[in-house]
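# Notes for the structure review
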Amino acid sequence: MRRLMVLTRETREFQVIRQKSKWALGLCDVCNAEVRWLSTKEVVALTRLSEREVFRMAEAGEFHNVESADRFMQFCFASVMRCG
């Protein structure tokens with residue numbers, strides 16, 4: 001006679017994002033509010049999307065974004081939290 005054994009495993013995850021420098025704050029023209037701007041890496045870590053998916057959502061207007069002076073994309077924290 002065969003016996004069936006069922007194993008159940010419960011996991012809990014959390015993420016800690018640390019940034020050495022001060023947060024980049026600025027006005028989001030779409031939200032019309034002062035928001036924290038996130039780097040691409042921060043958005044990827046928060047949403048677990050790929051970089052490609054993040055840029056697609058930005059092009060679709062789901063993530064509000066601006067290009068920084070050093071030519072990197074910055075994303076509006078409020079829009080990322082709404083959509084991601």
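Higher on the page you've got the structure.
This section reports on the structure supplied with the text. (Residues numbered from 1 in each chain as written. Predicted model: local features only at pLDDT ≥ 70, side-chain atom pairs only at ≥ 80, totals over all residues. Heavy atoms only, no water.)

## Brief notes about the overall build of the chain
On a plain count of helices and strands, the chain comes out with 3 helices and 4 strands. The proportion of buried residues among the 84 residues of the chain is 25%. In the chain, the share of contacts with a sequence separation of at least 24, taken over all contacts with a separation of at least 6, comes to 42%. Of the accessible surface of the chain, which amounts to about 7400 Å², a share of 51% is contributed by carbon and sulfur atoms. (Helix = DSSP H or I, 4+ residues; strand = E, 2+ residues; numbered from the N terminus. Buried < 20%, exposed > 50% of the residue type's maximum accessible area, 1.4 Å probe, protein only. Contact = heavy atoms within 4.5 Å. Areas by Shrake-Rupley, 256 points an atom, 1.4 Å probe, with all protein chains shown as cover.)

## Thoughts on the side chain of Glu42
Among the secondary structure elements, Glu42 is positioned in helix H1 (residues 40-47). Judged by its relative accessible area of 11%, Glu42 is buried. At 2.8 Å, the side chain of Glu42 and the backbone nitrogen of Ser39 are in polar contact. (Polar contact = N/O pair within 3.5 Å; in protein donor to acceptor, adjacent residues only side chain to side chain.)

## Examining the sheet that holds strand E4 (residues 73-76)
The strand order across the open sheet formed by 4 strands is E1-E2-E4-E3, and the pairing between neighbours is antiparallel. On the outer flanks of this sheet lie strand E1 (24-28) and strand E3 (65-67), each paired with one strand and no other. Across the sheet, the axes of successive neighbouring strands diverge by a mean angle of 40°, strand direction being ignored. Of the pairings in the sheet, the one linking E3 to E4 comprises 3 bridges and is antiparallel in character. Bridging across to E4, Glu67 finds its partner in Met73. (Pairing = 2+ DSSP bridges. Axes fitted to C-alpha atoms, helices over the stretch in contact; angles between N-to-C directions.)

## Observations regarding the pattern of salt bridges
Overall, the coordinates contain 2 salt bridges when judged by the stated rule. Two residues, Arg36 and Glu42, come together in a salt bridge whose shortest N-O distance is 2.8 Å. Judged on exposure class, the residue Arg36 and its partner Glu42 are both buried. (Salt bridge = Lys/Arg side-chain N within 4 Å of Asp/Glu carboxyl O.)

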